[in-house]
Amino acid sequence: MPRKSTHPTPTDNSSLCIQYLRRCGGSARLCHINFSLSVIQTLINQRRVKISNTGAGFFIELEDSK
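Now for a description of the structure that goes with this document. (Residues numbered from 1 in each chain as written. Predicted model: local features only at pLDDT ≥ 70, side-chain atom pairs only at ≥ 80, totals over all residues. Heavy atoms only, no water.)

Counting its regular elements, the chain contains 2 helices and 3 strands. Each helix and strand of the chain, placed in order from N terminus to C terminus, yields the pattern α-β-α-β-β. Put simply, the chain has 66 residues, and 24% of those count as buried. As displayed, the chain has an accessible area near 5300 Å², and 51% of this comes from carbon and sulfur atoms. (Helix = DSSP H or I, 4+ residues; strand = E, 2+ residues; numbered from the N terminus. Buried < 20%, exposed > 50% of the residue type's maximum accessible area, 1.4 Å probe, protein only. Areas by Shrake-Rupley, 256 points an atom, 1.4 Å probe, with all protein chains shown as cover.)

A word on helix α1 (residues 14-23). Residues of α1 that are buried include every one of Ser 14, Cys 17, Ile 18 and Leu 21, and no others. The buried side chains of α1 occupy one side of the element, clustering within an arc of 100° when seen end-on. Those residues of α1 that are exposed and aimed more than 90 degrees away from the buried face are Arg 22 and Arg 23. (Arc of directions from axis to C-beta.)

Here the focus is the pairing of strand β3 (residues 58-62). Bridge count for strand β1 (residues 27-29) against β3 is 3 bridges, and the pairing is antiparallel. Looking at the pairing, Ala 28 lines up with Ile 60 of β3. Between the end of strand β2 (residues 49-53) and the start of β3, which pair antiparallel, lie 4 residues, with Gly 55 showing a positive phi angle near 90°. (Pairing = 2+ DSSP bridges.)

Moving on, we get to the sheet that holds β1. If you walk across this open sheet you meet the 3 strands as β1-β3-β2, and the pairing is antiparallel. The outermost strands of the open sheet, each flanked by one partner alone, are β1 and β2. Here the strands of the sheet are splayed against their neighbours by 25° on average, with no regard to which way each runs. Relative to β3, α1 is tilted by about 100°, and along the sheet it contacts β1, β2 and β3. On top of the sheet, helix α2 (residues 37-45) reaches β2 and β3; it is set at about 105° to β2, its chief contact. (Axes fitted to C-alpha atoms, helices over the stretch in contact; angles between N-to-C directions. Contact = heavy atoms within 4.5 Å.)

The structure is reproduced here in C-alpha cells:
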C-alpha cells in the first residue's frame, strides 16, 4: 500500500521555476524555459521575478538577484 506524503506539495511548479532560475544564474531567456504562463504570472504577481526586454529578447530574472 503506498504511503501518503507528510510534506506538502505545491500544486503549481513555481518553486521548480525558481530553482531553475537559480541554477541558471538568476536569469534565463523567456523563450527557452518550459514553464506555463500561469506559473510565470503567479511569480510576477508575487514579485519574485520580473521580465525585462534587452533588445535581443525577453529575459525572466529573479528579483533578489541584484
